[in-house]
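Observations on the three-dimensional arrangement
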Amino acid sequence: MKKTEAEEDDELRPEYDFSQLKRGVRGKYAERYREGTNLVLLEPDVAACFPDAKSVNDALRQVLQDKGRRQAS
């Protein structure tokens, strides 16, 4: 008996039982994600100067301090 194309592409194991899964909620954590995320994309030449996020934050805090602004703790 020849396998159909759908059977050949199916890589899931037979022991997975999707009937027991509950329905997910789309965007359940979207608002929480937006509130806690502040991403800034650095240009590649600037990013190459900083090994990690801490060093970027330290450098920016120093710039703010040098300009006389108060840091938000």
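Figured I'd write up the structure that's included with this text. (Residues numbered from 1 in each chain as written. Predicted model: local features only at pLDDT ≥ 70, side-chain atom pairs only at ≥ 80, totals over all residues. Heavy atoms only, no water.)

**What to know about the overall build of the protein chain**
Summing up its helical and strand segments, the protein chain has four helices and zero strands in all. Among the 73 residues that make up the protein chain, the fraction classed as buried is 3%. Summed over all atoms, the accessible surface of the protein chain reaches about 8100 Å², with 51% contributed by carbon and sulfur. (Helix = DSSP H or I, 4+ residues; strand = E, 2+ residues; numbered from the N terminus. Buried < 20%, exposed > 50% of the residue type's maximum accessible area, 1.4 Å probe, protein only. Areas by Shrake-Rupley, 256 points an atom, 1.4 Å probe, with all protein chains shown as cover.)

**Comments concerning the pattern of salt bridges**
As enumerated under the stated definition, the model contains four salt bridges in all. A salt bridge links aspartate 58 to arginine 61, with the nearest nitrogen and oxygen atoms 3.7 Å apart. Residue aspartate 58 and its partner arginine 61 are both found in helix α4 (residues 53-66); the two are separated by three residues, about one turn of the helix. Under the relative-accessibility criterion, arginine 61 is labelled partly exposed at 39%. One salt-bridge network, in which partners are shared between bridges, spans Lys54, Asp58 and Arg61. (Salt bridge = Lys/Arg side-chain N within 4 Å of Asp/Glu carboxyl O.)

**A look at the environment of glutamate 31**
In this structure, glutamate 31 sits in helix α2 (residues 30-35). Its relative accessible area of 46% is what places glutamate 31 among the partly exposed residues. A distance of 3.0 Å separates the side chain of glutamate 31 from the side chain of arginine 34, its partner in a polar contact. (Polar contact = N/O pair within 3.5 Å; in protein donor to acceptor, adjacent residues only side chain to side chain.)

**Here's the deal with α4**
Taking 1.5 Å per residue as the helical rise, α4 with its 14 residues ought to reach 20 Å, and the 20 Å between its terminal C-alpha atoms agrees with that figure. Downstream of α4 by one or two residues, glycine 68 has phi in the positive range, about 85°. (Expected span 1.5 Å × (residues − 1).)

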